[in-house]
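These are the residues of each chain, in order.
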Amino acid sequence: MSHTSFFKQVNLHFDRAAQLTQYEPGLLEQIKSCNSVYHFSFPLKRDDGSIEVIHAWRAEHSHHKLPVKGGIRYAMTVNEDEVMALAALMTYKCAIVDVPFGGAKGGVKISKHKYSQAELERITRRYTYELVRKHFIGPGEDVPAPDYGTGPQEMAWIVDTYTALTNNLLDAMGCVTGKPVTQGGIRGRTEATGRGVFFGIREACSITEDMQKLGLPTGLEGKTVVVQGLGNVGYHAAKFLQEGGARLVGLLEYEGGIYNPDGLDLEAVMQHRRETGKILGFPGAKDVPNPKGLELPCDILVPAALENQITEQNMARIQAKIIAEAANGPVTSAANEYLREKGVLIIPDIYLNAGGVTVSYFEWLKNLSHVRFGRMQKRFEEKAQRQILSAIEKLTNRKLNEEEVEQLAHGPNEEDLVNSGLEDTMVNSYHELREIMRRHQDRIDLRTAAFVDAIHKVARSYMELGIFP
Ligand code: GLU
């Protein structure tokens, strides 16, 4: 385990990229520093009547654009340094995928499984109440979302608490994203981070020149994959990668990992875990103790759990040719340097897992506009496409059957539009980063290119405000 703090790790990446820019040191310092951190504690009355003090944080890293945005994490690892680091990553992430928000992150230091549903509801509502009191939440100020240990249920409690306390009822729904669809959420948000991870990996693997350097064939088909973490992000990334033709050979969880070079059926593994409480002992697979699973032979390693997983301790034993950072900060700065020199392609977190915040942006837009995407144009587009098809039928003298017409003349619904907006974002951003690498004669890696991109975009924003010349 590295002793450099997580926020310092992020800033080491930042500094490496900042050297390649011409901005004055004061501006770079402003971009890098975390603007505000709110640490608070409150009492929780447990179901058995005892009282426990809960520690919680919200960090707002950069206000160059408002609102600031980022998830809320429920985990025992939460501390001030972690929320600051994660908030900084949010700033850079939003800039890279052109989501017009500053970065933030929140955390509550709890081990979620120790609390009943009623206790979690009390914690979440009190956490929200404290944020409201200090203006650390609001559709135009700071908009939380799910992160490790939280999901749509917590977001529903947050929006309900906020709505009860605010006078701005018209926009209240936009105070948080990742809500259930029935509570102002958007279709496709739950899968969004994993789907974005898939689009990013697919794009990287589609570039023949880059794959040749790694000694790999072009495309996803048949590439072997190990995924660490089967939470929302890891599960969906694994699912889309498997559907996209990759072979899942290793899956890793708290209890250990499983390995089968012939491939693992993800749904069958999930079923086995539901039945036995573990992924271990999966028929046909070999059990692998933690943390050895990260060292399994594979083409693509997808860390989708927590930070600091690939460090100086294990970097020399990593066999993957591509590391796809679905989690935030899974590779330390020192390990990053070592692996880069070894020729490993690291697809960095601040690009690769930005699908979540991208679709959060769509959800926020939906909330503020009070209309579902596709509501106006779906039927209109379907009709127009049917007219074109019937003109083609007349010209070609061939009648299409109803199934063919259905497939071709399909007006987009909300999910179609969300997924296509996400795909467009991930594909375009990848090429933007590659272009930056090319401008530096391929002497920098993708992470540095991503930081350079983010620094330029945030710097431009400050300069447009006239704060810096
Ligand atoms: N927690 C997610 C992340 O780290 C999503 C943040 C959001 O949607 O605001 O990117």
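Residues numbered from 1 in each chain as written. Predicted model: local features only at pLDDT ≥ 70, side-chain atom pairs only at ≥ 80, totals over all residues. Heavy atoms only, no water.

Draft legend 1. How the structure looks around the overall build of the protein chain. Looking only at helices and strands, one finds 16 helices and 12 strands in the protein chain. Taken over C-alpha atoms, the radius of gyration comes to 23 Å for the protein chain, in line with the 23 Å a tight globule of 469 residues would show. The dimensions of the protein chain, computed from C-alpha atoms along their principal axes, are 75 × 60 × 55 Å. Counting the 469 residues in the protein chain, one finds 56% classified as buried. Taking as baseline every contact in the protein chain between residues at least 6 positions apart, the subset at least 24 positions apart corresponds to 67%. If you sum the accessible surface of the protein chain, you get close to 20300 Å²; carbon and sulfur atoms cover 52% of it. (Helix = DSSP H or I, 4+ residues; strand = E, 2+ residues; numbered from the N terminus. Rg over C-alpha atoms; globule rule 2.2 N^0.38 Å. Buried < 20%, exposed > 50% of the residue type's maximum accessible area, 1.4 Å probe, protein only. Contact = heavy atoms within 4.5 Å. Areas by Shrake-Rupley, 256 points an atom, 1.4 Å probe, with all protein chains shown as cover.)

Draft legend 2. Focus on the packing of aromatic side chains. If you walk through the whole model with that rule in mind, you get 13 aromatic pairs. When the ring of tyrosine 351 is compared with that of tyrosine 430, the centres are 5.7 Å apart and the planes differ by 55°; the resulting orientation is tilted. Of this pair, tyrosine 351 sits in helix α11 (residues 349–352) while tyrosine 430 is found in helix α15 (residues 414–439), placing the two residues 79 residues apart along the sequence. With respect to burial, tyrosine 351 and tyrosine 430 carry one shared label: buried. (Phe/Tyr/Trp six-rings, centres within 6.5 Å; stacked < 30°, edge-to-face > 60°.)

Draft legend 3. How the structure looks around the side chain of histidine 61. Residue position: histidine 61 is located in the loop between β2 (51–60) and β3 (68–74). Separated by 3.4 Å, the side chain of histidine 61 and the backbone oxygen of serine 33 make a polar contact. The residues touching histidine 61, leaving out its near neighbours within four places in the chain, are Ile31, Lys32, Ser33, Cys34, Asn35, Ala87, Ala88, Thr91, Tyr92, Gly103 and Ala104. (Polar contact = N/O pair within 3.5 Å; in protein donor to acceptor, adjacent residues only side chain to side chain.)

Draft legend 4. A look at the site of the ligand. The ligand sits among 14 residues. The nearest are Lys69, Lys93, Lys105, Asp147 and Ser360. Here an oxygen atom of the ligand and a side-chain polar atom of lysine 69 are 2.8 Å apart. Proline 146 places a main-chain nitrogen or oxygen 2.8 Å from a nitrogen atom of the ligand. Burial of the ligand by the protein chains amounts to 95% of its free accessible area of 300 Å². Elements represented by at least two residues in the shell around the ligand include exactly β3, α3 (80–96), β5 (142–146) and α12 (355–369). Broken down by class, the residue content of the shell around the ligand amounts to four nonpolar, five polar and five charged. (Near = heavy atom within 4 Å. Nonpolar A, V, L, I, M, F, W, Y, C, P; charged D, E, K, R; others polar.)

Draft legend 5. Region of the structure containing the layout of surface pockets. By volume, the second largest pocket amounts to about 410 Å³. Every residue lining the second largest pocket is counted, 17 residues in all, and those nearest its centre are Lys213, Val344, Leu345, Met437 and Ile444. Those elements that place two or more of their residues in the lining of the second largest pocket are α7 (208–214), β12 (345–347) and α15. It is α15 that provides the largest number of residues to the lining of the second largest pocket, a total of four residues. Counted by class, the lining of the second largest pocket contains eight nonpolar, one polar and eight charged residues. (1 Å grid on protein atoms, 1.4 Å probe; cavity = no way out; pocket = protein on both sides within 12 Å on 5 of 7 lines; lining within 4 Å. Points joined across faces, edges and corners; volume = space filled by probe spheres on them.)

Draft legend 6. Structural detail: helix α1 (residues 6–18). End to end, α1 covers 18 Å across 13 residues, agreeing with the expected 18 Å (1.5 Å per residue, within 8%). Where α1 is buried, its residues touch α2 (25–32), α3, α10 (333–341) and α16 (446–464). (Expected span 1.5 Å × (residues − 1).)

Draft legend 7. Structural context of the nonpolar core. With 98 residues, the main nonpolar core has Ile201, Val302 and Ile347 as its most contacted residues. A per-element tally of this core places α3 first, with 12 residues. Not counting the four nearest positions on each side in its chain, isoleucine 201 is found in contact with Leu220, Leu241, Ile300, Val302, Ala324, Ile347 and Leu352. Listed in part, the 25 residues of the second largest apolar core include Phe40, Ile72, Ile137 and Cys175. (Core = buried A, V, L, I, M, F, W, Y, C linked by side-chain atoms within 4.5 Å.)

Draft legend 8. Structural detail: the pairing of strand β4 (residues 102–108). Most of β4 sits inside the fold, with seven of its seven residues counted as buried. The two faces of β4 match: Gly102, Ala104, Gly106 and Val108 on one face and Gly103, Lys105 and Gly107 on the other face are all buried. Sheet topology places β2 next to β4; five bridges connect them, and they run antiparallel. By the bridge assignment for β4, arginine 58 is matched with glycine 106. This β-α-β element, β3 to α3 to β4, shows right-handed connectivity. (Pairing = 2+ DSSP bridges. Right-handed = clockwise from strand over helix to strand, strands pointing away.)

Draft legend 9. Geometry of the environment of valine 357. Tracing the sequence through the fold places valine 357 in helix α12. Relative accessible area serves as the criterion here: at 7%, valine 357 is assigned to the buried category. Other than its neighbours up to four places away in sequence, valine 357 contacts Lys69, Met90, Lys93, Cys94 and Val99.

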